[in-house]
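# A look at the structure
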Amino acid sequence: MGPIANLTHESAADIEFVLMDIDDTITTEGKLPSVAYNALWECKNSHLKVIPITGRPAGWCDLIARQWPVDGVVGENGALAFWEEDGHAKRMYHEHAVRNDNEILKRIRFRVLKEIEGTRIAQDQFCRMFDLAIDFAEEEPKLPLSVAQAIQRLCESEGAIAKISSIHVNTWLGHYNKLGMALRFLTERFGYDDLTMRSKVMFFGDSPNDEPMFSHFPNSVAVASINNYLHLVEHYPRYVTSQAGGEGFAEGVVTLLERKRHGS
Ligand SMILES: [Mg+2]
């Protein structure tokens, strides 16, 4: 893991796809700052494909795909991808994704709320299709990572998958993740070939649930907030920005576009 300033002209020139986590990667303290939103537009205007990869729900992804300067969005940690094509809203769902009104997630919900003090269901749960999101740090009181880890263990003991983001623990049934759906979407929508085109992707993330992306793409970038989670991450990203959150993302995009133009 080295500073984003190490990005070379050769690596930057190759990038065609810019993928990014949302929470605490392009947001700062819960808001999307103007520099980060502008950075999305700068990518779009530079003819890069822009694709958020998030744990946020289907309902948010519908808005993002329609309204933001993006070429698609992968949501609910890889359960789905939404995009616009020829004036139509298009949807892709992972074949292993199981709707979240099942008995196992109901039992997890009951047990977490009963057994782990201070936890609560995420307020965006109503627009989720496949996962259950337990809030530990989106709203007050913010609970420590040790609580998130206890929630994760409980979910896993019930046979579910559970991932810790910077704000929620997301739990679901079925084997899929952000990386698998990102690759599928890139391949089916843009003719991406993972054997020959991996270096054309730049991914930005901030936390342990981004780790599959960090380990897969050689041009992976974390915003500075990754430093809070290094003890939970085995596969570090290649680059790290000096600033956290949306300001860090903007810093990364400025560096990418500048290196594309002029070299290092
Ligand atoms: Mg995040």
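Conventions we followed
- Along each chain, the written sequence defines residue order, and numbers are assigned to residues from 1.
- Local features are withheld for residues below a pLDDT of 70 in this predicted model, meaning they are given only at 70 or higher, and side-chain atom pairs are given and counted only at 80 or more; totals for whole chains, interfaces and linings count all residues.
- Numbering of helices and strands runs from the N terminus, with a helix taken as a DSSP run of H or I at least four residues long and a strand as a DSSP run of E at least two residues long.
- Restricting the calculation to C-alpha atoms gives the radius of gyration, and the globule rule supplies 2.2 Å times the number of residues raised to the power 0.38.
- For every residue, the other C-beta atoms within 10 Å of its own C-beta are counted; 20 or more classify it as buried, 12 or fewer as exposed, and values in between as partly exposed. C-beta atoms are placed from the backbone.
- Note that contacts rest on C-beta atoms placed from the backbone: two residues are in contact if these are within 7 Å.
- The domain boundaries here were taken from an automatic or database domain assignment.
- Think of it as three bins: nonpolar holds Ala, Val, Leu, Ile, Met, Phe, Trp, Tyr, Cys and Pro, charged holds Asp, Glu, Lys and Arg, and polar takes everything else, Gly as well.
- Being paired, for any two strands, means DSSP has found at least two bridges between them.
- By our criterion, buried Ala, Val, Leu, Ile, Met, Phe, Trp, Tyr and Cys residues that link up through C-beta atoms within 7 Å make up a nonpolar core.
- An expected span of 1.5 Å times one less than the residue number is assigned to each helix.
- By construction, the arc corresponds to the directions joining the helix axis to the C-beta atoms.
- Only the stretch in contact is used when a helix axis is fitted, and all axes are lines through C-alpha atoms; the angle between N-to-C directions ranges over 0 to 180 degrees.
- Rotating anticlockwise by less than a right angle from the far helix to the near helix defines a left-handed crossing, while the corresponding clockwise rotation defines a right-handed one.

To continue, consider the overall build of the protein chain. Scanning the protein chain from terminus to terminus reveals eight helices and 13 strands. Computed over C-alpha atoms, the radius of gyration of the protein chain comes to 18 Å, within 12% of the 18 Å expected from 2.2 N^0.38 for 264 residues, which places it in the range of a compact globule. If you line up the protein chain on its principal axes, its C-alpha atoms span 55 × 40 × 35 Å. With 264 residues in all, the protein chain has 48% of them scored as buried. Once local pairs closer than 6 in sequence are excluded, the contacts in the protein chain between residues at least 24 apart make up 59%.

Time to look at the domain arrangement of the protein chain. When cut into domains, the protein chain gives domain 1 (2-95 + 176-262) and domain 2 (103-172). Look at where the C-alpha atoms of domain 1 and domain 2 centre, and you get two points 24 Å apart. Taken together, the contact between domain 1 and domain 2 spans 16 residues of the former and 14 residues of the latter. Element by element, the count of residues in the side of domain 1 that touches domain 2 is highest for helix α3 (residues 58-67), at three residues. For the side of domain 1 that touches domain 2, the per-class residue count stands at six nonpolar, five polar and five charged.

All right, on to unusual backbone geometry then. Here the bond from E140 into P141 is cis, since omega is -5°, no more than 30 degrees from zero. Turning to its location among the elements, P141 is positioned in the loop between β8 (132-135) and α5 (145-157). A positive phi angle, near 55°, is found at N77, a position not held by glycine. Tracing the sequence through the fold places N77 in the loop between β4 (73-75) and β5 (80-85). In this structure, D86 is a non-glycine residue whose phi angle is positive, near 50°. Within the element layout of this structure, D86 appears in the loop between β5 and β6 (88-93). Taking the C-beta count within 10 Å as the criterion, D86 has 5 such neighbours and is therefore assigned exposed.

Another aspect to go through is the sheet that holds strand β13 (residues 239-240). Taken in spatial order, the six strands make up an open sheet running β1-β13-β12-β11-β2-β3, and their pairing is parallel. With one partner strand each, in any of the chains shown, β1 (2-3) and β3 (49-52) form the two edges of the open sheet. Here two bridges tie strand β12 (residues 219-222) to β13, and the two strands are oriented parallel to one another. The partner of A222 across the bridge, within β13, is V240.

Our focus in this paragraph is the nonpolar core. In terms of nonpolar packing, the biggest core is built from 76 residues, with V18, L19 and F249 touching the most fellow members. Among the elements that line this core, the one with the most residues is helix α6 (residues 178-190), at five residues. When residues of this core are assigned to domains, at least three map to each of domain 1 (2-95 + 176-262) and domain 2 (103-172).

Our focus in this paragraph is helix α8 (residues 245-262). Count 3.6 residues to each turn of an α-helix, and residues three or four apart come out pointing the same way. Counted at 1.5 Å a residue, the expected span for α8 with its 18 residues is 26 Å, and the 26 Å between its end C-alpha atoms agrees. Of the residues making up α8, those classed as buried are G245, G246, G248, F249, A250, E251, G252, V253, T255, L256 and R259. Where α8 is buried, its residues touch α1 (9-14), β2 (17-20), α2 (34-45), β11 (201-205) and β12.

Here helix α4 (residues 103-115) spans 18 Å end to end across 13 residues, near enough to the 18 Å set by a 1.5 Å rise per residue. Buried residues of α4: L105, I108 and V112, and no others. The arc enclosing the buried residues of α4, seen along the axis, measures out at 55°, which places them on a common side. Exposed and oriented more than 90 degrees from the buried face of α4 are E103, K106, R107, F110 and K114. Among the structural elements, β8, α5 and β10 (168-172) are those in contact with the buried residues of α4.

Right, let's talk about the packing of α4 against α5 for a bit. Direction vectors running N to C along α4 and α5 enclose 145°, while the axes themselves pass 10 Å from each other. Once α4 is placed against α5, the crossing between them reads as right-handed. Of the residues in α5, those in contact with I108, R111, V112 and E115 of α4 are I151, L154 and C155. Its residues assigned to classes, the contact of α4 with α5 comprises five nonpolar, no polar and two charged.

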